[in-house]
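The primary structure of each chain is shown beneath.
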Amino acid sequence: MLKRTALFEEHQKLGGRLIDFGGWELPVQYSGVLNEHTACRTAAGIFDVSHMGEVHVEGPGAEAYLNYLVTNNVAKIEVGQAQYTAMCNGRGGIVDDLLIYKRSSGRFLVVVNASNTDKDFTWMKQVREQSRTRFGAFTLTNESARYTQIAVQGRKAQEILQPLSSVPLAPIKTYWFAEGSLLENVPAIIARTGYTGEDGFELYVPWEKGPDVWRAILDSGKPHGLKPCGLGARDTLRLEMKYALYGNELSDETNPIEAGLGWVTKFDKGDFVGRAAIEPIKQAGAKRQLVGIKLLDRGIPRHGYAVFGADGQERVGELTSGTMSPTLSIPIGIAYVDTKSAAPGTRITVDIRGNKLVGEVVPTPFYKRPY
Amino acid sequence: MAYPADRKYTKEHEWAMKQGKDIVIGVTDHAQSALGDVVYIELPSVGRVLKSHETFGVVESIKAVSDLFSPLAGKVTAANDTVKNDPALVNRAAHGDAWLIKLEPSNPAEYDALMDAKAYEGFVQSLK
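Residues numbered from 1 in each chain as written. Chains lettered and ligands numbered in written order. Predicted model: local features only at pLDDT ≥ 70, side-chain atom pairs only at ≥ 80, totals over all residues.

(A) Quick peek at the overall build of chain A. Helix and strand counts for chain A stand at eight helices and 19 strands. A compact globule built from 371 residues would reach a C-alpha radius of gyration of about 21 Å, and chain A, at 21 Å, matches this within 12%. When each of the 371 residues of chain A is scored for burial, the buried share is 50%. Counting contacts in chain A only where the partners sit at least 6 residues apart, residues at least 24 apart contribute 66% of the total. (Helix = DSSP H or I, 4+ residues; strand = E, 2+ residues; numbered from the N terminus. Rg over C-alpha atoms; globule rule 2.2 N^0.38 Å. Buried ≥ 20, exposed ≤ 12 C-beta atoms within 10 Å, placed from the backbone. Contact = placed C-beta atoms within 7 Å.)

(B) Highlighting the interface of chain A and chain B. On the chain B side, the residues contacting the 12 residues of chain A number eight residues. Within the residue set of the side of chain A that touches chain B, elements represented by two or more residues are strand S2 (24-29), helix H2 (33-42), helix H7 (231-240) and strand S16 (315-324) of chain A. Taken together, the residues of the side of chain A that touches chain B sort by class into five nonpolar, six polar and one charged. (Nonpolar A, V, L, I, M, F, W, Y, C, P; charged D, E, K, R; others polar.)

(C) Representation of the domain arrangement of chain A. All names here are of chain A. When the domains of chain A are assigned, the result is domain 1 (8-44 + 146-240) and domain 2 (287-362). One C-alpha centre belongs to domain 1, the other to domain 2; they are set 32 Å apart. The interface of domain 1 with domain 2 comprises seven residues on the first partner and seven residues on the second. Taken together, the elements giving at least two residues each to the side of domain 1 that touches domain 2 come down to H2 and H7. Here the element with the most residues in the side of domain 1 that touches domain 2 is H2; it accounts for four residues. Of the residues that constitute the side of domain 1 that touches domain 2, the class distribution is two nonpolar, three polar and two charged. (Domains from an automatic or database assignment.)

(D) Structural context of the sheet that holds strand S5 (residues 49-50) of chain B. All names here are of chain B. As summarised here, the arrangement of the six strands in space is S1-S2-S3-S9-S8-S5, forming an open sheet in which the pairing is antiparallel. Only two strands of the sheet have a single neighbouring strand rather than two, namely strand S1 (8-9) and S5. Strand direction decides the pairing type here: S1 and strand S2 (residues 14-19), joined by two bridges, are antiparallel. The residue of S2 that forms the bridge with tyrosine 9 is tryptophan 15. (Pairing = 2+ DSSP bridges.)

As structure tokens, then:
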């Protein structure tokens, strides 16, 4: 039996095409991936992301614990601020990438990938048990079933949400959040975060209030061109930004340096899980790197396709994701390639059904918002 | 959706229609709808000889890669360049302008063995 979010019936009413996504029954599309992608890029899109996991870490020892658990420096964020980070195993492999929201001193909301929620929570408990003496007291609770999470992304997002919000949205800076209410009495965490490359918000509300909030946003957004967007558009939007997707770009076997997450891996903060494995990689340089590529020939690069050098002979890497970019109308992909082939401008070829199609390593993100 | 009765259909969601001595082949409306936004099409060169059920090309949507199977054996006499240059035409006119290839059949009897519109409609229903 697939798990359903509180918005399941809303998706049915909107004609969403429901699929099994990591054990969750969620819409891959409503009106069509291209249409939804374009709506988000030019106006706004609304996404049900309630499948994401939410973990509360609370208590005097919470900050020290999180700072040991993840790669980024949690001590740097202030109350009301969010932080993107990786969480690694002892070998430096990525257990998950996640967001940490600091709600007050010693109170954190940790948001993890849906399909990793159980694995992550087990790992978080294990790290606590193994290193209990390092930290003060704190509680760790998996609250995933208590939240409906809705993302409203696009240049019109603030205009659409403001009439529904008790707090002014304009002062909320990127990667900051406010706690207030929506529809007057629905408590909400309103965060200026997202996974699309557009301005926008991610909203955390009580599970059972999800449908009310969802419908109110759809109504408010209608005159602004807001469209419900499925997992298909979520994937193409993140791909145009080269945002990593766990399971594609990231896994327990990839390290943050090769995955391009060096910027959220801080060696000046003291010890953290995986540090001993990651620091030598940082010093020596990663053997392979995650890069953006575009194809010059006609064809679509996809997850798993092999990447070769310009001569088509030497294998230099593998695609982790790929699509026809809806915004740029060119075939784009993300690939791990040997460091010698990672510089923008490097000619490569991609093996698509036995044909070696010519492409090039390009600077990323592929898309930059024009406002 | 009523499927045109002027042609035959396959379980791989292709249609085949007689046109003079050639057979025109395309994908069905059900196929384009299931695929979603079609963004890339690969077709064989004219002159290629296909066996029945042989893969002759690929249709790709944003999310999916789908092989095309020849409903019958024959020689390719035409490939639709218009649809190669405008793959979304498949979403707009799967049963019309978005035909894919024309075949000169090597065994015309194979055509008669394909499903008629009514049988195909029943088949699509059975998938739901």
